[in-house]
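Letter by letter, the chains look like this.
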Amino acid sequence: MNIIVCVKQVLDPDIPPAKFKVDSASKQVVPPEGIPPVINPYDAQAVELALRLKEKQGGKITVLTVGSDGADKAVKYAISMGADDGFVLSDEVFEGSDSFSMAYILSKAVEKIGEYDLVLCGRQAADWDEGLVGSIIAESLGTSLVTLAEDAEVVDEGLKVKRVTLDGYQAFIVPTPAVVTVSNEVGQARLPSGLGIISAARRQIPVWKAADTGIDPSLVGSAAARRKLFALSVPARERKCEIIEGETPAEAATKLAERLREAGAI
Amino acid sequence: MAENKGILICGEVVDGKLAAITAELLGAGKKLSAELEQPLGALLIGKDIEEVAQETIGLGADRAYTIDGPAFLDSLPDLYVALIAAACEKLQPSVVILGQTDMGRDVAPRLAAKLKTTAVLDCVGLEIDPETRALLQTRPVYGGNATAVWVTESQPQIATLRPRSVMAAESDTSRTGEIEPLPIVVEDSAIKGKLVETVKTEVEGIKLEDAKVIVAGGGGIGGPEGFEKLRELASLLGGTVGVTRVPCDEGWLPLTMEIGQTGRIVGPDLYIAVGISGAPQHMAGCSGSKCIVTINKDPDANLFKESNFGIVGDYKQVMPAFIEKCRELLSS
Amino acid sequence: MEQGFDAIVVGAGPAGCACAYKLAKAGLQALVIDRGKFAGAKNMWGGAFYGAELLELLPDFLEEAPFERYVTRQKISFLTVEDCLSIDFASPKFSQPAPHGFVILRSKFDRWFADKAQEAGAIVAPGLGADDLLWDGHRVTGIKAGNDELPASAVIACDGANSVMAQKAGLQTELSPEDMKQGVKEVIELPREVIEQRFNLSGREGMAWEFAGSCTQGLPGGGFIYTNQDSISIGIVAQLNALVKRKIQANDLLEGFKSHPEVARLIEGGKLVEYSGHLIPVSGINMMPELYRDGFLVAGDAAALVLGTGLILEGANFAVASGIAAAETVIKAKEKGDFSRESLSTYQKLLEESYVLKDLKTFKKAPHFLENPHIYNLYPELACDLARRIFIGDGQPRKTTWNTLRGSLKGKASLLQILPDLWWGKGAI
Ligand SMILES: Cc1cc2nc3c(=O)[nH]c(=O)nc-3n(C[C@H](O)[C@H](O)[C@H](O)COP(=O)(O)OP(=O)(O)OC[C@H]3O[C@@H](n4cnc5c(N)ncnc54)[C@H](O)[C@@H]3O)c2cc1C
Ligand SMILES: Cc1cc2nc3c(=O)[nH]c(=O)nc-3n(C[C@H](O)[C@H](O)[C@H](O)COP(=O)(O)OP(=O)(O)OC[C@H]3O[C@@H](n4cnc5c(N)ncnc54)[C@H](O)[C@@H]3O)c2cc1C
Ligand SMILES: Nc1ncnc2c1ncn2[C@@H]1O[C@H](COP(=O)(O)O)[C@@H](O)[C@H]1O
């Protein structure tokens, strides 16, 4: 089974809220210094699902990422987890692309790779949390699609995928090739092994430019974007917190109950 | 570009009844319809839905469109995508709003791709820019660390609305409007695959979304046993228990109880957070609570900044006395 | 693994990065691993790097390195609960072209340094912790990380204080609280203009400020403040055994320090963005393990190469210097094809020739002397008392006293050098 996983490098979603900043004037997130970006956690989980499928079925896992300087780190991370191969798609003309252009860029790379049974994406990229790219790739490749997968297995007719719903799941059987977007319910992604980290560190990840995959530059970049950022801000969620103190924890607890009663909360 | 006009909400029918999200979509739609001075349409897919379609008119739709089809969870999303896309082709709306629900989050991106436009998911605010008449779509980004407002430059402007982010429309049974069945035939080739199973895990007690009081526990609880105290308090206060991602990842409790960006979005009157640090991804699911109380042993935990009341301490020492006092106060 | 590395460097702190960089530059196959998510992820220090090693090692340092500011002002203050007596030394000579110190934030700097090692050809693998050593008889032949065995001709332990690698190699036993100081530090964000105004700085000028006295409640140790570009690093270092004995949390000392009137003004309105704690081996040469054995070397904090003379805490420069010396030793060993203990003994010689062991020997007695509680409670009291008398007494500072203090601050200031002067100063008045 040949699996292609799309991975994106994102600002570490675990940064403390105090370190998160935006420049509202330029409508940009100011990356905190000293905290390097990481592979989108959902994409690491997509790699995890790919590895589980490969362990059962055999085959090859190829990783793709669209990004600029340092984007190869996301690919290398996937390789250190156990993926076989990877490519970085990088070109100035990609700058400012929206989800549609991203999906177009990734589809072209998928087509260049050629033989594939499954394309895996994360349910959303933990930076802009858009949750679009995977579905659009399926549309542009014309394959079947299941979103928000918590599990997938190969069956005779193709792929059986469980899709997370609010109160449970639905199971579908779809023909391959298919695109599946992966949700956190697949479970935690494995950590890279030592040898994996070293073999990834030794790899040179090839870079494909727009021309290498036959991308039409007029369909990518900010000029082609179908949506534009109107404003960006940090929400004011602060509340005035009344800290209840006491000689002992029990005393504080008692006071808290009384205060909540006074405030009409209980 | 064709002159797109009107606002179309894609309502949902569950077990033959109008789902709660539909009234919220109509609430948002009504406001936009007034601001844009364009009509509001409601699209419903289901079997024998004349009556519920009439309800949408009472809730503010100028016109209801019905499509004969199965419930979303009993069908393939492909079918819904094809049906709604065909309806949009026919109606040429300028704004399409779906719920950020099982249906909307799956259908909206594909619908956008089919209609050669884009979609903005999980919006918590929708309004019309008075100057440009464009739809301003507000949504949390970066796990709730920031808020973005997007403008779609193609037509139609498709958005999904997060449940409980706007007031539901109120019903006015005297309103009138037409119900128009849309005869749409979907070609077999549009449907890929089959549905083999739909599983619904029943939650016991009160649903998190409906709870007035939630006692939520996080990584600080330390294990499944610790949740006993939380359950005791929740049942005393007539509420229910929720969790952060950590207890789910640890396997203490199921992911269906997770509150947050990727879990449930709740808005109780009282949210008691025990052993929770207050990561933005978690706060995204509970910051709408009226009163937030934090019990955490780390005085620097972020959650204190977003709480109304707090105790710095070990929950194991705080909870027994707190439960005791609550019981006493409630019985008096 | 098909074939082993020439060297595996455990830990990508200043010692490890310098070592790997040097090895890679010489064309050796070097792997540097760090258990942090990235190099520098969990690392901290007060913030000043003194010395020329980095400039020599990295030709692009001044242009490229993400240091915060030059150290152009050095200040030492003695605190009582209310008062503060300060000595403030400023010199424009301290900045370009020959800066004598830099204020550095580790998380940024370590990553840059690791990238430099990578550019030079080393393989940098963050997210990987060494758990054990591989052995062939009494020769170290590599490391164990998780389930993987990674062979190498030499292993260089740069894994910081309380080095597990040195312990596994049988060179070091677990360290005792007497040999350790506990450091805690906060990074407090403030607008650049505010920092420059409060500390009287401009451009890339920066201040390194040490405190003694009430900030450690009389425990051996001190407080520090370093100015970054857009934040202030503020922290406390205190003797671990004393903390344990007196049941004091380093954290509480820091809170107390922050609320001292003189200090509170400096951080007022700031936003806490980072908190961290770390141990520092401070017994210097008294606790230094054997530095090498067959196929194995120890450098930096792992080898206790820290100058902990009271207020002044220098370790990063020793780490870099020892990392370089270890690399040079391994490069020679590779030429000879001999990684035996005998062959690696060059390391000790290189360190003895450099200031690393010379300085540590000079200060050999310092640790014990510095446990003298007078230094941390009596002297600051006396100093402030003295100042009170001078300043409040007749309103005019006396020239002789002032000059004495100035004189003692020539070059690199050390509490050790200042205190006797102060002592003497009192008598002279
Ligand atoms: C892409 C992404 C999406 C995510 N989505 C969600 C989501 O939807 N929902 C969600 O919840 N999380 C989500 N997370 C995870 C989130 O970022 C945090 O990691 C998580 O919410 C932390 O959970 P916690 O506060 O329970 O645990 P921790 O961060 O481990 O905090 C535990 C707290 O308990 C306190 N504590 C410990 N012991 C005690 C004691 N005895 N008494 C009192 N207090 C104690 C500690 O001081 C600490 O503050 C997501 C993360 C990512 C990357
Ligand atoms: C509060 C404080 C203030 C200080 N102020 C100053 C100052 O102003 N100036 C100064 O010069 N020095 C200062 N120091 C001392 C200085 O920080 C150290 O001497 C210096 O960092 C030592 O460098 P190192 O590379 O030997 O070790 P470290 O910087 O401790 O690096 C060790 C690395 O090894 C990694 N590691 C550990 N174990 C393993 C393992 N098993 N496998 C893989 N990786 C591992 C760690 O993650 C870490 O990255 C201060 C220290 C503290 C705590
Ligand atoms: N720049 C990118 N490179 C590779 N994959 C991407 C990129 N952007 C998005 N994706 C994939 O699409 C998923 C959803 O992203 P988004 O629609 O941006 O939230 C991600 O989880 C990735 O799998």
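None of these values were measured; they are calculated from a predicted model.

### Some words on the overall build of chain C
And step 1. Helix and strand content of chain C: 17 helices and 17 strands.
And step 2. Taking all 429 residues of chain C together, 59% fall into the buried category.
And step 3. Taking the intrachain contacts of chain C between residues at least 6 apart in sequence as the baseline, contacts between residues at least 24 apart amount to 73%.
And step 4. As presented, chain C carries roughly 17,300 Å² of accessible surface, and 50% of it is formed by carbon and sulfur atoms.

### Brief notes about the overall build of chain A
And step 1. Regarding its fold elements, chain A presents six helices and 15 strands.
And step 2. C-alpha atoms of chain A, sized along the principal axes, occupy 70 × 45 × 40 Å.
And step 3. Buried positions account for 54% of the 266 residues belonging to chain A.
And step 4. If you take every contact in chain A between residues at least 6 apart in sequence, the share linking residues at least 24 apart comes to 73%.
And step 5. Accessible surface for chain A amounts to roughly 10,700 Å². Of this, 49% is attributable to carbon and sulfur atoms.
And step 6. Between the centroid of the 29 positive side chains of chain A and the centroid of its 38 negative side chains there is a distance of 1 Å.

### A few points about the pairing of strand E9 (residues 135-141) of chain B
Residues and elements named next belong to chain B.
And step 1. Most of E9 is tucked away: seven of the seven residues are buried.
And step 2. Side-chain alternation along E9 places Leu135, Gln137, Arg139 and Val141 on one buried face and Leu136, Thr138 and Pro140 on a second face that is also buried.
And step 3. Summarising the sheet, strand E8 (residues 125-128) and E9 pair through four bridges and their orientation is antiparallel. Bridge assignment links Ile128 to a residue of E9, and that residue is Leu135.

### Regarding the interface of chain C and chain A
And step 1. Contacts between chain C and chain A engage 24 residues on the former and 17 residues on the latter.
And step 2. At the surface where chain C touches chain A, the tally comes to three salt bridges.
And step 3. Across the pair Lys37 of chain C and Asp12 of chain A runs a salt bridge whose closest N-O atoms are separated by 2.8 Å.
And step 4. Only helix H4 (106-120), strand E7 (123-126), strand E10 (148-157) and strand E15 (271-281) of chain C provide two or more residues apiece to the side of chain C that touches chain A.

### Some details on the nonpolar core
And step 1. Among the nonpolar cores identified, the biggest contains 93 residues, and Leu23, Phe113, Ile156 and Phe296 of chain C are the most heavily contacted of them.
And step 2. Among the elements that take part in this core, helix H10 (residues 316-336) of chain C stands out by supplying twelve residues, more than any other.
And step 3. Ignoring sequence-local partners within four residues, the contact set of Leu23 of chain C consists of Ala7, Val9, Leu28, Ala30, Ile156, Ala327, Val330 and Ile331 of chain C.
And step 4. Core analysis: the next-biggest nonpolar cluster, separate from the first, contains 55 residues, Leu43, Ala85, Ala113 and Leu121 of chain B among them.

### Quick notes on the packing of aromatic side chains
And step 1. For the coordinates displayed, the defined rule picks out 20 aromatic pairs over all chains.
And step 2. Aromatic side chains Phe20 of chain A and Tyr142 of chain B sit 5.3 Å apart centroid to centroid with 50 degrees between the ring planes, which places their arrangement in the tilted category. Separated into two different chains, Phe20 of chain A in the loop between strand E2 (9-10) and strand E3 (21-23) and Tyr142 of chain B in the loop between E9 and strand E10 (146-152) make up a pair that spans both.
And step 3. For the ring pair Phe61 of chain C and Phe102 of chain C, a centre distance of 4.9 Å and an interplane angle of 65 degrees mean the geometry is edge-to-face. Here Phe61 of chain C is found in helix H3 (residues 61-64), whereas its partner Phe102 of chain C is found in strand E6 (residues 101-103), with 41 residues between them in sequence.
And step 4. Every member of this aromatic cluster is reached through a ring pair, and the members are Phe61, Phe67, Tyr70, Phe102, Phe109, Trp112 and Phe113 of chain C.
And step 5. The lysine or arginine in question, Arg204 of chain C, covers the ring of Phe67 of chain C, its NZ or CZ lying 4.4 Å from the ring centre.

### Some details on the pattern of salt bridges
And step 1. Under the defined criterion, the tally for this structure stands at 49 salt bridges over all chains.
And step 2. We note a salt bridge from Glu48 of chain A to Arg52 of chain A, for which the minimum N-O separation is 2.9 Å. One end of the pair is Glu48 of chain A and the other is Arg52 of chain A, both in helix H1 (residues 41-57) and four residues apart, which spans about a single turn.
And step 3. Here Asp62 of chain B makes a salt bridge to Arg175 of chain B, at a shortest N to O gap of 3.2 Å. Here the residue Asp62 of chain B occupies a position in the loop between helix H2 (50-58) and strand E5 (63-68), and Arg175 of chain B occupies one in the loop between strand E11 (157-161) and strand E12 (178-181), the gap between them amounting to 113 residues.
And step 4. Of the residues examined, Asp62 of chain B reaches a relative accessible area of 32% and is grouped as partly exposed.
And step 5. Via salt bridges that share partners, Glu48, Arg52, Glu55 and Arg190 of chain A belong to a single interconnected network.

### Side note on the domain arrangement of chain A
And step 1. Along its sequence, chain A is organised into domain 1 (2-224) and domain 2 (237-266).
And step 2. Placing a centre on the C-alpha atoms of domain 1 of chain A and another on those of domain 2 of chain A gives a separation of 46 Å.

### Here we look at the site of ligand 3
Residue and element names in this part refer to chain A.
And step 1. Among the 18 residues in the neighbourhood of ligand 3, the closest are listed as Cys6, Asp43, Ala125, Gly131 and Leu132.
And step 2. Interatomic distance of 2.9 Å between a backbone N/O atom of Val66 and a nitrogen atom of ligand 3.
And step 3. Glu130 places a polar main-chain atom, nitrogen or oxygen, 3.3 Å from an oxygen atom of ligand 3.
And step 4. Of all the secondary-structure elements, those providing two or more residues to the shell around ligand 3 are strand E6 (60-66), helix H3 (99-113) and strand E8 (118-122).
And step 5. At three residues, E6 tops the list of elements feeding residues into the shell around ligand 3.
And step 6. Within the shell around ligand 3, the residues separate by chemical class into ten nonpolar, five polar and three charged.

### A look at the sheet that holds strand E4 (residues 40-46) of chain B
Backbone hydrogen bonds are what pair the strands of a sheet, in a parallel or an antiparallel way.
All names here are of chain B.
And step 1. Pairing is parallel in the open sheet, where seven strands are placed in the order E7-E11-E6-E1-E4-E5-E12. Pairing within the sheet leaves two strands with one partner each, and these edge strands are strand E7 (119-123) and E12. Mean inter-strand twist for the sheet, computed between neighbouring axes without regard to direction, equals 20 degrees.
And step 2. Of the strands in this sheet, strand E1 (7-10), E4, strand E6 (95-99) and E11 are in contact with helix H1 (residues 20-36), which crosses E1 at around 175 degrees.

### Re unusual backbone geometry
Note on backbone geometry: most residues besides glycine have negative phi, and most peptide bonds are trans.
And step 1. Looking along the chain, the bond that leaves Thr176 of chain A and enters Pro177 of chain A is cis, with omega of 0 degrees.
And step 2. Structurally, Pro177 of chain A is set in the loop between strand E11 (168-174) and strand E12 (178-182).
And step 3. Cis rather than trans, the peptide bond between Gln155 of chain B and Pro156 of chain B has omega equal to -10 degrees.
And step 4. The backbone of Asp48 of chain B sits at a positive phi, close to 45 degrees, despite the residue not being glycine.
And step 5. You can see Asp48 of chain B is positioned in the loop between E4 and H2.
And step 6. Here Asp48 of chain B falls in the exposed class, since its relative accessible area comes to 76%.
And step 7. Phi at Asn162 of chain C is positive, roughly 55 degrees, even though this residue is not glycine.
And step 8. Within the secondary structure, Asn162 of chain C is located in the loop between E10 and helix H5 (164-168).

### Comments concerning helix H3 (residues 77-91) of chain B
And step 1. For H3 of chain B, built from 15 residues, the straight-helix expectation of 21 Å at 1.5 Å per residue is met to within 8% by its first-to-last C-alpha distance of 21 Å.
And step 2. Within the span of H3 of chain B, buried status applies to Pro77, Asp78, Leu79, Tyr80, Val81, Ala82, Leu83, Ile84, Ala85, Ala87 and Cys88 of chain B.
And step 3. Here the buried face of H3 of chain B lies against E11 of chain A together with E1, E4, E5, E6 and helix H4 (102-114) of chain B.
And step 4. The positive-phi residue at the C-terminal boundary of H3 of chain B is Gln92 of chain B, with phi of around 50 degrees.

### Some points on the site of ligand 1
All names here are of chain B.
And step 1. Taken together, 29 residues lie around ligand 1, and Gly219, Thr244, Ile259, Ser277 and Asn296 are the ones closest in.
And step 2. Ser277 is positioned with one of its backbone polar atoms (N or O) 2.7 Å from an oxygen atom of ligand 1.
And step 3. In the model, a nitrogen atom of ligand 1 is placed 2.9 Å from a nitrogen or oxygen of the Asp314 side chain.
And step 4. In isolation ligand 1 exposes 990 Å². Once the protein is present, 83% of that is buried.
And step 5. Looking at the shell around ligand 1 residue by residue, the class counts come to nine nonpolar, 14 polar and six charged.

Calculation rules
Positions within a chain are numbered from 1, following the residues in the order the chain's sequence is written. Whichever chain is written first becomes A and whichever ligand is written first becomes 1, with later ones labelled in order. Per-residue local features of the predicted model are confined to residues with pLDDT of at least 70, and side-chain atom pairs are confined, for both listing and counting, to 80 or more; whole-chain, interface and lining totals are unaffected and use all residues. To obtain the side-chain values, all non-hydrogen atoms of the structure were used and water was disregarded. Comment: elements are numbered from the N terminus, with helices defined as DSSP H or I runs of at least four residues and strands as E runs of at least two. In this scheme, a residue with accessible area under 20% of its type's maximum is buried, one over 50% is exposed, and one in between is partly exposed, where area comes from a 1.4 Å probe on protein chains only. In this analysis, two residues are considered to be in contact whenever any of their non-hydrogen atoms come within 4.5 Å of each other. Where accessible areas are quoted, they stem from the Shrake-Rupley method and a 1.4 Å probe; at the residue level, only the protein chains shown are allowed to cover. Counted as positive: Lys and Arg. Counted as negative: Asp and Glu, with His and the chain ends omitted from the count. Each charge is placed at NZ for Lys, CZ for Arg, CG for Asp and CD for Glu. DSSP calls a pair of strands paired once it identifies at least 2 bridges connecting them. We define a salt bridge as a side-chain nitrogen of Lys or Arg found within 4 Å of a carboxyl oxygen belonging to Asp or Glu. Among buried residues, the Ala, Val, Leu, Ile, Met, Phe, Trp, Tyr and Cys ones that are joined through side-chain atoms within 4.5 Å form a nonpolar core. Aromatic pairing here means that ring centres of Phe, Tyr or Trp (its six-membered ring) are within 6.5 Å. Orientation follows from the plane angle: under 30 degrees is stacked, over 60 is edge-to-face, and everything else is tilted. Comment: the charge-over-ring label is applied if NZ (Lys) or CZ (Arg) is within 6 Å of the ring centre and within 35 degrees of the ring normal. Source of the domain bounds: an automatic or database domain assignment. If even one non-hydrogen atom of a residue comes within 4 Å of a molecule or strand, that residue is called near it. For the purposes of these results, a polar contact is taken to be a pair of N or O atoms within 3.5 Å, where, inside protein, one atom must be able to donate a hydrogen and its partner to accept one; residues adjacent in sequence count only when each atom of the pair is a side-chain atom. Following the grouping adopted for this structure description, the nonpolar residues are Ala, Val, Leu, Ile, Met, Phe, Trp, Tyr, Cys and Pro, the charged ones are Asp, Glu, Lys and Arg, and the polar ones are all others, Gly among them. Geometry is summarised by axes, namely lines fitted to C-alpha atoms with helices restricted to the contacting stretch, and by angles between N-to-C directions that run from 0 to 180 degrees. Given a helix with a known number of residues, its expected span is that number minus one, times 1.5 Å.

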